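A closer look at the structure
Here is how the chains run, residue by residue.
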Number of protein chains: 2
Amino acid sequence: MTKSPHIVIVGGSAAGPAAAVHAKKMNPHARVNLIEAGEHIAYSACSAPYYVGGVISDFEKLIFYSPEIFSATFGCEVKTRHRAIRLNPHRRKLIVQNDAGEIEIPYDEIILACGARAAIPDPAWLSSKNVFTMKALLDAKSIRTHMETSRPTRATIVGGGFVGMEMTEALAHHGLDITVVSRAELPMPGLENAAQKIVLDELQKNGIKFISNMNFKPAENEMTILATGFKPNTDWLDGSKIRTGKFGGILTDARMRTNLEHVYACGAITEIKNLVTNKYVYLPLATIANQMGRVAGANASGSFMEFGGIVPCSVVKIFGLEVVSVGVSSREAENNALSAEVEVFSGFTRGKLFSQSKAIFIALIYEPKSHRILGANILGEEGAVLRGNLLAAAIRRGETLSDLAEMDFAYTPYLSAFKEPLVQAARRAMKK
Amino acid sequence: MTKSPHIVIVGGSAAGPAAAVHAKKMNPHARVNLIEAGEHIAYSACSAPYYVGGVISDFEKLIFYSPEIFSATFGCEVKTRHRAIRLNPHRRKLIVQNDAGEIEIPYDEIILACGARAAIPDPAWLSSKNVFTMKALLDAKSIRTHMETSRPTRATIVGGGFVGMEMTEALAHHGLDITVVSRAELPMPGLENAAQKIVLDELQKNGIKFISNMNFKPAENEMTILATGFKPNTDWLDGSKIRTGKFGGILTDARMRTNLEHVYACGAITEIKNLVTNKYVYLPLATIANQMGRVAGANASGSFMEFGGIVPCSVVKIFGLEVVSVGVSSREAENNALSAEVEVFSGFTRGKLFSQSKAIFIALIYEPKSHRILGANILGEEGAVLRGNLLAAAIRRGETLSDLAEMDFAYTPYLSAFKEPLVQAARRAMKK
């Protein structure tokens, strides 16, 4: 590799800018060129629902760096409104389109970080001006503008997953009458049944209707938000022979190298190895994209860095609840030939004499023979996120119920429970 | 061992009742006899400062079970107001004193769980009616009664450790003008210097004076609370040849067996192995006492159970702060021939666009060569306890900075930070 490689990075948001910054950090001689189809490169996509909800008042607050400031701060070139349309890996050329036409950009190393787009049940639905997706930053702007100008009184959210729940809460902030429609029987289909029922309760307590309907079609005059998942932006790579997985995401090794020489990929365009099952999964989360970006940037610039996979660990705020999912569900476990038991436990976060104490629900998923912990759902008004993180670390280490039952934990009754709920859940499971 | 051993347990509070309950659970044929010098056996000693402070209004709420109800619920005999005064391990007899005189109690197995008492700089100080210790449950009652009847306007707390801080906050609740006096330069002497300064700030912000004074003596007419540590209640065992450690606590193996046959010990009368240094330490905490009690009870009743030691993990609430200490301090590490570096990091608990986000301080203590994590101080308005628990688990597994830097964590900006502060602290330390 040359000492000052020309590294082209395709895509802003979480992975691309992390790759750019890290490539420059590891190799200040590298020439780094960040290319983005839209206008914005470095922003908080995860905060966008809160802009829709009005918790964040100002759209500009979502933007971390303008292209100009990003470029000046990190010493990268930035080209916005340049859409990648073809890759020629043999000649090491990227073909992009801008307002003026097509340009060929040669590269030494290229990092594909062009993310995902909304997966739509039927593209024809988007022809209605009342139907919105929620993926790009500008989607948030469109939705909020629509609410401010058209003043809808009701809305339908299609999809009961993470984004569906975030958009439900965001629109509820504006006092809309909201119905969530899903193909599944209950919201949050990745959770265990008992956890899903708690989510349903929380929705209903907050006046949200939930309907299971396989044959939904948007009503002509009603605001509808499609939160029906994402798919990786790989269409433009057809013909490049880049290797993809069963979810359509690009497959990489731990250094974020694809099967094509000098081509790296990171973020929501890729699949990632789930360390619980050792299988590739599609999990387009900003934190993971950021980590992958760092690794891709480091390797493309001549360093060595690895990212071997993840224990999935995600959270969504649903009104008063932190809803955390970590590892695999019992269903995923069984689909991967792991047998799974679920211990369902309800406890409290603090000493019982203290009114600050909150209920916490834990569904602990484990392998019945080995007692290895496979996953968990944790739901509560407080303390679910950090307990999820703790379990993710335990799962990464292959720990068992008895490891969890023996954990050390800090106790003072105003702040924590005399018997840590995770310990109680593990002990109860061990008795079976 | 006989199938229905007579197990005598000496001492209520955290360890003894846990031993009694667990002995009966593991062997319903066992005859279990719980003996306590005072009146109460099962109560929340850790909540007592909150009774003093008035957060808990009613003294009776501190009591979990009366002796009668405990006895009826768990099938144990209970004798209160029976003070153990001598042990004859050769004849397997315990000599106790009650109002009527001395009694000999024979046993098959005995569990010593008689806890600790306040360590007093000068016993003569206790002759003043304005000077209080804070150890037994009745101490809390005396202090609160004193405040209600004598209506003091100021108080001195002697000792800047955990109990000193809890009592400071408790008395501040009543509007007293409070001075904390300590032999150390700063409060919370077990913490790293930078963390101690944060505690000092928090005290001062809340109008508390802190004075370092090696030659303190209580003023005649001022309310004074001695929070100068604890020592194990082993004096009555002089002559029994029971083996004790350098802090005066009884030494046990992982099954809670002492060097004397058929004699177990657990709770604040014992020392416990610190898994970071592999040395015995004295850490009289209720949670650890409870775990030890379970293990002692199980083994005394004929089962097999082990408790191999702890990663110290403790917390105190100091006004608005959760103050957590986990593992060893840099000083303790160095005293145990471990070299230690401290990475001091200040971050935030949530997304930066969210006003709910709170500052969090981390002092990460690690071995510079191996990068093994040895300990941490974590201070903040939220999320310190659970991060401490997570680190305790990491330390127990012998994890390094890079393990921590690679941890999986759940992100949504309203509830957590895009870069988890523990990860940031670890990454910063790795750069050195």
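Report on the accompanying structure. Everything numeric here is computed off the predicted structure, so don't read it as measured data.

Before going further, it helps to spend a moment on the overall build of chain A. Summing up its helical and strand segments, chain A has eleven helices and 24 strands in all. In terms of C-alpha radius of gyration, chain A reaches 23 Å, essentially the compact-globule figure of 22 Å for 432 residues. Expressed as a percentage of its 432 residues, the buried residues of chain A come to 59%. Taking as baseline every contact in chain A between residues at least 6 positions apart, the subset at least 24 positions apart corresponds to 64%. As presented, chain A carries roughly 17600 Å² of accessible surface, and 49% of it is formed by carbon and sulfur atoms. Charge separation in chain A, taken as the distance between the mean sites of 48 positive and 42 negative side-chain charges, equals 2 Å.

What follows covers the interface of chain B and chain A. Each side of the interface is counted separately: chain B has 51 residues, and chain A has 52 residues. Overall, the association of chain B and chain A removes approximately 4800 Å² of surface from exposure, summing both partners, and the carbon and sulfur fraction of that is 63%. Here chain B and chain A share four salt bridges between them. Of the charged contacts, one joins R397 of chain B and E399 of chain A as a salt bridge, the two residues approaching to 2.5 Å between their closest N and O atoms.

Turning our eyes to something else, we now look at the packing of aromatic side chains. In total, this model carries 18 aromatic pairs over all chains according to the counting rule given. Between Y414 of chain A and Y50 of chain B the ring centres are 5.7 Å apart and the planes differ by 20°, which places this aromatic pair in the stacked class. Here Y414 of chain A is found in the loop between α10 (401–405) and α11 (421–430), whereas its partner Y50 of chain B is found in helix α2 (residues 48–53) on a different chain. Following the ring pairs from residue to residue traces out a cluster consisting of Y50 of chain A together with F354 and Y414 of chain B. The ring of F64 of chain B carries the charged tip of K352 of chain A above its face, separated from the ring centre by 5.5 Å.

Attention now moves to the sheet that holds strand β21 (residues 321–327) of chain B. Residue and element names in this part refer to chain B. Taken in spatial order, the five strands make up an open sheet running β20-β21-β24-β23-β22, and their pairing is antiparallel. Unpaired on one side and paired on the other, β20 (313–318) and β22 (341–348) mark the two borders of the sheet. Taken over all neighbouring pairs, the strand axes of this sheet differ in orientation by 15° on average, direction set aside. Sheet strands touched by helix α6 (residues 193–205): β20, β21, β22, β23 (359–366) and β24 (373–380). Its angle to β24, the strand with the most contacts, is close to 20°.

Rotating chain B by 180° about the axis while translating it 0.0 Å along that axis superimposes it on chain A, leaving an RMSD of 0.0 Å. Look at the turn and shift together and you get a two-fold axis relating the two. Among all residues of chain B, the minimum C-alpha distance to the rotation axis is found for L390 of chain B, at 2.6 Å. A share of 98% of the interface residues of chain B reappears at the interface of chain A, consistent with the copies meeting face to face through the same patch.

Residues and elements named next belong to chain B. The end-to-end C-alpha separation of α6 is 18 Å, in line with the 18 Å expected for 13 residues at 1.5 Å each. Of all the residues in α6, the buried ones are A195, Q196, V199, L200, E202 and L203. With its buried residues spanning 160° around the axis, α6 presents them on a single face. Looking at the buried side of α6, the elements it contacts are α5 (162–172), β14 (209–212), β20, β21, β23 and β24. In the segment just after α6, G207 is the residue with positive phi, at about 80°.

Moving on, we get to the side chain of R294 of chain B. Residue position: R294 of chain B is located in helix α7 (residues 286–300). Sequence-distant contacts of R294 of chain B, that is, excluding residues within four places in its chain, are made with R427 of chain A together with A18, A19, H22 and M305 of chain B.

Moving on, we get to the environment of V263 of chain A. With respect to the secondary-structure elements, V263 of chain A resides in strand β17 (residues 263–265). Along the chain, V263 of chain A and V385 of chain A lie 122 residues apart, while their C-alpha atoms are 35 Å from each other.

Our next topic: the pattern of salt bridges. Enumeration according to the criterion identifies 41 salt bridges over all chains in this entry. Between E102 of chain A and R86 of chain A there is a salt bridge, and its shortest N-O distance comes to 3.5 Å. Of this pair, E102 of chain A sits in strand β8 (residues 101–106) while R86 of chain A is found in strand β6 (residues 83–88), placing the two residues 16 residues apart along the sequence. For the salt bridge of R257 of chain B with D253 of chain B, the shortest nitrogen-to-oxygen distance reads 2.8 Å.

Residues and elements named next belong to chain A. Judged by pairing direction, the sheet is antiparallel, and its three strands sit side by side in the order β6-β7-β8 without closing on themselves. Of all strands in the sheet, those bounded by a partner on one side alone are β6 and β8. Neighbour-to-neighbour, the strand axes of the sheet open up by a mean angle of 25°, direction not taken into account. As paired strands, β6 and strand β7 (residues 93–98) are joined by five bridges and run antiparallel to one another. Looking at β7, one finds that A84 is bridged to V96.

Residues and elements named next belong to chain A. Tracing the chain through its elements places S71 in helix α3 (residues 67–74). Separated by 193 residues in the primary sequence, S71 and Y264 place their C-alpha atoms 22 Å from one another. Excluding residues within four positions of it along the chain, S71 makes contact with C76, E77 and V78. At a separation of 2.6 Å, a polar atom in the side chain of S71 contacts the main-chain carbonyl oxygen of C76.

Turning our attention to the side chain of T133 of chain B. All names here are of chain B. The topology assignment puts T133 in strand β11 (residues 131–133). With relative accessibility at 15%, the residue T133 sits in the buried group. Here the side chain of T133 touches D139 through a polar contact of 3.2 Å, side chain to side chain. In this view, T133 contacts A118, I120, L126, D139, I143 and L226; residues no more than four positions away in its chain are not counted.

For soluble globular proteins, nonpolar side chains are generally found buried alongside one another. I143, L171 and L364 of chain A together with I143, L171 and L364 of chain B are the most contacted members of the largest nonpolar core, which has 170 residues in total. With sequence-adjacent residues up to four places away left out, L171 of chain A is seen in contact with V52, I143, M147, A155, I157, L176, I178, M223 and I225 of chain A.

It is worth spelling out unusual backbone geometry at this point. Peptide bonds are trans in most cases, and residues, glycine excluded, mostly fall at negative phi. Residues and elements named next belong to chain B. Its identity as a non-glycine residue notwithstanding, M188 has a phi of 55°, on the positive side. If you trace the backbone, M188 turns up in the loop between β13 (177–182) and α6. One non-glycine residue, H262, lies in the positive phi region at around 65°. Here H262 shows up in the loop between β16 (230–232) and β17 (263–265).

Cut-offs applied
Position numbers for residues start from 1 in each chain and track the written sequence from start to end. Numbering of ligands from 1 and lettering of chains from A proceed in the order in which they are written. Note on the predicted model: pLDDT of at least 70 is required for a residue's local features to be given, and 80 or more for side-chain atom pairs to be given and counted; whole-chain, interface and lining totals, by contrast, use all residues. Only hydrogens and water are removed before side-chain values are computed, so all heavy atoms of the structure are retained for them. Helix and strand assignments come from DSSP, with helices taken as H or I runs of at least 4 residues and strands as E runs of at least 2, each series counted from the N terminus. As defined in this context, the radius of gyration uses C-alpha atoms, and a globule is described by 2.2 Å times the residue total to the power 0.38. To sort residues, take the accessible area from a 1.4 Å probe on protein chains only and compare it with the maximum for the residue type: under 20% means buried, over 50% means exposed, and anything in between is partly exposed. Note on contacts: a residue pair qualifies if any of its non-hydrogen atoms lie within 4.5 Å across the two residues. Residue burial considers only the protein chains on display, and all accessible areas are found by Shrake-Rupley using a 1.4 Å probe. We treat Lys and Arg as the positive residues and Asp and Glu as the negative residues; His and chain ends play no part in the count. To locate a charge, the coordinates of NZ of Lys, CZ of Arg, CG of Asp or CD of Glu are taken. A quick way to say it: buried area is the sum, across both parts, of accessible area lost when two parts are put together, with a 1.4 Å probe. For salt bridges, the criterion is a side-chain nitrogen of Lys or Arg within 4 Å of an Asp or Glu carboxyl oxygen. Geometry of aromatic contacts follows a simple scheme: Phe, Tyr and Trp rings, the Trp one being its six-membered ring, pair when their centres are within 6.5 Å, and the pair is stacked under 30 degrees between planes, edge-to-face over 60, tilted otherwise. The criterion for a charge sitting over a ring is simple: Lys NZ or Arg CZ within 6 Å of the ring centre, and within 35 degrees of the ring normal. Think of it this way: DSSP has to see at least two bridges between two strands before they count as a pair. Axis geometry follows a simple rule: fit a line to the C-alpha atoms, using only the stretch in contact for helices, then measure angles between N-to-C directions, giving values from 0 to 180 degrees. The copies were overlaid by least squares, fitting only the C-alpha atoms of residues that reach a pLDDT of 70 or more in each copy. The span one expects for a helix is its residue count, reduced by one, times 1.5 Å. Along the arc lie the directions from the helix axis toward the C-beta atoms. By the criterion applied in these results, polar contacts are pairs of N or O atoms within 3.5 Å in which, for protein atoms, one can donate a hydrogen and the other can accept it, and in which residues neighboring in sequence qualify only through two side-chain atoms. Here the nonpolar core consists of buried residues drawn from Ala, Val, Leu, Ile, Met, Phe, Trp, Tyr and Cys, with membership extended through side-chain atoms lying within 4.5 Å.

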